[in-house]
Each structure stands twice: as structure tokens, then as C-alpha cells.
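If you want the building blocks of each chain, they are given just below.
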Amino acid sequence: MGNRLIAAIQKSGRLSEKSLEMIKSCGIDFYADSRALKASASGFPLDFLFVRDDDIPGYVSDGVADIGIVGRNELDESGIELEIVRDLGFASCRLSIAAPPAFEYKGLESLEGKRIATSYPRILQSILNEKGVKATPVVVSGSVEITVDAGIADAIADLVSTGTTLKMNGLEEKECIYRSSAVLVSRKDLEEEKKIALRSLLERLDAVMLARHKKYILFNLPKDRLEKAAEVIGGMKSPTVTPLMDEGWISVQSAVDEGRFWSVFEELKALGAEGILVMNIEKMTE
Ligand code: ATP
Ligand code: ZN
């Protein structure tokens, strides 16, 4: 162990699979048995501890682990201060106020004097405080959606990703008050060798995350349209251009932002591009 970086990962839940997938996509190999509490990577100084997500901030701050992957909500709710080294973007969800449709909601002020069931009292309280609203939190650790029906709360503040669970329980999402996604956290006082390992992990992660938002596009184009096409593609330093056997034509390749992809695709077609080929990028550096 000693010099190896120890990562706390959720043992089983919404974060588990994606957390491990993210590390695997960095070219780090390991075998994780779903019942094991520990695992070790081969060829990279990284070990894993599989724990409940609630325990991750504490383990990292106590030094049981050096880094961890946890929902921002769990981190904020724990009140533990850790360095957030990356927002990993997955497991995104929102903390929303929900209530029966009949509850007339005009903003947080409508919660004045009401009972609000939640598993995130600290986050909820800090948001209510900001608005100067006084409400009574009802702290429950699960099944928050049934508390209104059960008569112990007037509204709830719960994590939502699609909203179907709320609907199924006869509740209406009134307002999103907080957003979360999985974050990579680190202990502040890492030893030098662990710092080096973390830096190397982050370099790989960044390459993987950057590539996620890009597509690689390759197409043939009449030579005289190159300047226009380069404008359409935009952003990049310069597309790679290769001559084709047919003198009037060239082959062009470039990375394109995923969000702009369809408009780029259509504009290129309108410019006369042919044989457009689109590929996912696995890893990339800027
Ligand atoms: P554990 O057994 O490890 O304590 P858990 O039941 O507390 O697990 P999960 O339900 O696996 O936790 O959720 C883990 C994290 O996934 C949440 O803290 C949150 O950041 C995120 N998440 C994403 N979508 C949702 C959702 N719809 N409901 C709850 N959490 C969500
Ligand atoms: Zn939990």
C-alpha cells in the first residue's frame, strides 16, 4: 500500500458502475468483485475501497482514503470540506421542492411555516436561510415521497432525475433548488508520491472527458470550398486536409463539438461535402 493512492468508491448504487467505468476508460486495469471491499489496480498505483456513499467524504477527510467519487449533494450534506478536483458530470440530479398539485407554490416563501420532509436537511436549511424562510424540516432517510400522503409533511425536498417517482406518488415538482453530479474529491495534504499519481490520473481523466464532448468528422469536399468548410467547423486550429486522386477534391478531418454537430453536418452537406464519416473520440488532449 504505502505510496498507492486509495480511492473510495460507492460499493453498490447509482455511482458505482460509472465511477469504475470512468477509471477503466483511463486505461487503468483492475478486477473488482462485487462482494469485495477492496481491489487493486495493476500497472497504476491505485487501490479501491468500496463503501457506502455517505461514508466517502468522512473516509477521505480522515485519511482512510486519499480520493473519492461522491455526489456533490452527499459532500455538501456532510458539511466536510474537501477539495473538489473534478466535476465528473455523471449521476446528475436536482434537489427539488415537490408537493401535491393542490399546494399553491409561488416560490420558497410559500414554504413559510410548513413541514418539509427531506434527506438533505443541511442543504435545504442553507437555501431556506438564504431566502429568510422559516420552515420545519422533517428528516427521513428514505422514501421521502410518501411523507405527504402519510401526513407527516406538507411538501418535500428530494433528489430528482427524471421526475417519474414524484408523479407516481401524486406529487408535482415545484422548483429545483440545487443541482448535483458526481465529483472527484481529494484530501488536501497528499504526500508527494500520491500527488504525482493523482496528477497522472487527472491528466488521463481530462483527456477522456474532453473527448466525450467531441465527435471526429471526416469528409470529401470540392477543393474550392475548403475555406468555407473551415469556417463552418470553427474552433479548431485547422482541419487536417489530404489531397485525393481526383484533383478537384480533398479529404478533410476535424474534431467537432457534439452540441454543434448536427448544424455542422447540415452546413457541410450544403457546401457539397460527400461521404461524411462520423466517429466517437476515445481520448483527446487540447
Ligand atoms: P448507499 O447505499 O451507498 O448509501 P444511496 O442509496 O445513498 O447508496 P444512491 O441511490 O445509489 O445512494 O445514489 C447515489 C447518488 O446518486 C446520490 O447521492 C445522487 O448524487 C445521485 N443520484 C442521481 N440521480 C438520483 C436520483 N434520481 N435519486 C437519488 N440520487 C440520485
Ligand atoms: Zn447513501
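Note that the structure is predicted; figures quoted are calculated from it, not measured.

Reading guide: rules and limits
- Residues numbered from 1 in each chain as written.
- Chains lettered and ligands numbered in written order.
- Predicted model: local features only at pLDDT ≥ 70, side-chain atom pairs only at ≥ 80, totals over all residues.
- Heavy atoms only, no water.
- Donors = N, O, S within 2.8 Å, 3.2 Å for Na, K, Ca; no water.
- Tetrahedral: all angles 85-135°; square planar, octahedral: opposite > 155°, others 65-115°.
- Buried < 20%, exposed > 50% of the residue type's maximum accessible area, 1.4 Å probe, protein only.
- 1 Å grid on protein atoms, 1.4 Å probe; cavity = no way out; pocket = protein on both sides within 12 Å on 5 of 7 lines; lining within 4 Å.
- Points joined across faces, edges and corners; volume = space filled by probe spheres on them.
- Helix = DSSP H or I, 4+ residues; strand = E, 2+ residues; numbered from the N terminus.
- Nonpolar A, V, L, I, M, F, W, Y, C, P; charged D, E, K, R; others polar.
- Pairing = 2+ DSSP bridges.
- Axes fitted to C-alpha atoms, helices over the stretch in contact; angles between N-to-C directions.
- Contact = heavy atoms within 4.5 Å.
- Near = heavy atom within 4 Å.
- Polar contact = N/O pair within 3.5 Å; in protein donor to acceptor, adjacent residues only side chain to side chain.
- Areas by Shrake-Rupley, 256 points an atom, 1.4 Å probe, with all protein chains shown as cover.
- Sits in = over half its atoms within 2 Å of the grid points.
- Phe/Tyr/Trp six-rings, centres within 6.5 Å; stacked < 30°, edge-to-face > 60°.
- Salt bridge = Lys/Arg side-chain N within 4 Å of Asp/Glu carboxyl O.

K.L.:
It is not clear to me how the coordination of the zinc ion (ligand 2) should be interpreted in this structure. Could you clarify?
P.N.:
Metal coordination angles have textbook ideals: 109.5 degrees for a tetrahedral set of four donors and 90 or 180 degrees for an octahedral set of six. In this structure, D53 (OD) and D54 (OD) serve as the protein donors to the zinc ion (ligand 2), at separations of 2.0 Å. Between the four donor atoms coordinating the zinc ion (ligand 2), the angles at the centre fall across 76 to 174 degrees, so the site counts as irregular. For D54, a relative accessible area of 38% puts it in the partly exposed group.

K.L.:
Even after reading the chapter, I still don't get empty space enclosed by the protein, so can you show me in this structure?
P.N.:
Unoccupied space between atoms shows up once a probe the size of one water molecule is rolled over them. In total, this model carries one cavity of 30 Å³ or more according to the counting rule given. By volume, the largest cavity amounts to about 60 Å³. Lining the largest cavity are A7, I9, M22, I23, I67, G68, I69, L88, L184, L201 and L205. At the level of elements, β1 (5-10), α1 (16-24), β5 (67-71) and α6 (192-212) are the ones that each hand at least two residues to the lining of the largest cavity. Looking at the lining of the largest cavity, its residues break down into 10 nonpolar, one polar and no charged.

K.L.:
Sorry if this is basic, but what is going on with the sheet that holds strand β13 (residues 214-222) here?
P.N.:
Sheets are built from strands that pair by backbone hydrogen bonding, the pairs being arranged parallel or antiparallel. Strand order in the open sheet made by the four strands is β14-β15-β13-β16, with antiparallel pairing throughout. Taken across any chain shown, the strands that pair with only one partner, and hence form the sheet edges, are β14 (240-243) and β16 (274-280). Shown here is a sheet whose adjacent strand axes are inclined to one another by a mean of 20 degrees, direction ignored. In this sheet, strand β15 (residues 249-257) lies alongside β13 in antiparallel orientation, the contact comprising nine bridges. Note on β15: the bridge partner recorded for L218 is Q253. Sheet contacts for helix α8 (residues 261-271): β13, β15 and β16; angle to β13, the most-contacted strand, approximately 5 degrees.

K.L.:
Explain the site of ligand 1 here, please?
P.N.:
Ligand 1 sits among 15 residues. The nearest are Q10, R14, D53, D54 and N73. Residue D53 places a side-chain N or O atom 2.8 Å away from an oxygen atom belonging to ligand 1. For ligand 1, a nitrogen atom lies 2.9 Å from a polar atom in the side chain of S161. Contact with the protein chains removes 77% of the 630 Å² of surface that ligand 1 exposes when unbound. A molecule is said to occupy a pocket when more than half its atoms come within 2 Å of that pocket's grid points, and by this definition ligand 1 occupies the largest pocket. When its residues are assigned to classes, the shell around ligand 1 shows five nonpolar, five polar and five charged.

K.L.:
When you look at the packing of aromatic side chains in this model, what are you seeing that I'm missing?
P.N.:
In this description, an aromatic ring pair is defined by two values, namely the gap between the centres and the angle between the planes. Using the criterion set out here, one finds five aromatic pairs in the structure. Look at F48 and F50: their rings are 6.1 Å apart centre to centre, the planes differ by 5 degrees, and that puts the pair in the stacked class. Like F50, F48 is buried. Between the aromatic rings of F261 and W262, the centroid separation amounts to 5.1 Å while the plane-to-plane angle is 70 degrees, which identifies the pairing as edge-to-face. Accessibility expressed as a relative area gives 7% for F261, which makes it buried. With relative accessibility at 56%, the residue W262 sits in the exposed group. Grouping aromatic residues by their ring pairs yields a cluster made of F30, F48 and F50.

K.L.:
Just to check I follow, could you spell out the pattern of salt bridges for this structure?
P.N.:
If the charged atoms of two oppositely charged side chains come close together, the side chains can form a pair. Applying the stated criterion across every chain, the model contains 17 salt bridges. Measuring nitrogen to oxygen at the nearest pair gives 2.8 Å for the salt bridge that ties D206 to R86. Of the two residues, D206 sits in helix α6 while R86 sits in strand β6 (residues 83-87), which places them 120 residues apart along the sequence. Taking the relative accessible area as the measure of exposure, D206 reaches 30% and is therefore partly exposed. Note on R86: relative accessible area 25%, which makes it partly exposed. As a salt-bridge pair, D257 and K214 come within 2.8 Å of each other at their nearest N and O atoms. Here the residue D257 occupies a position in strand β15, and K214 occupies one in strand β13, the gap between them amounting to 43 residues. The exposure class of K214 is buried, given its relative accessible area of 14%. One salt-bridge network, in which partners are shared between bridges, spans D66, R187, D189, E191 and K194.

Honestly, that's just the spatial picture; any functional story needs more than this.
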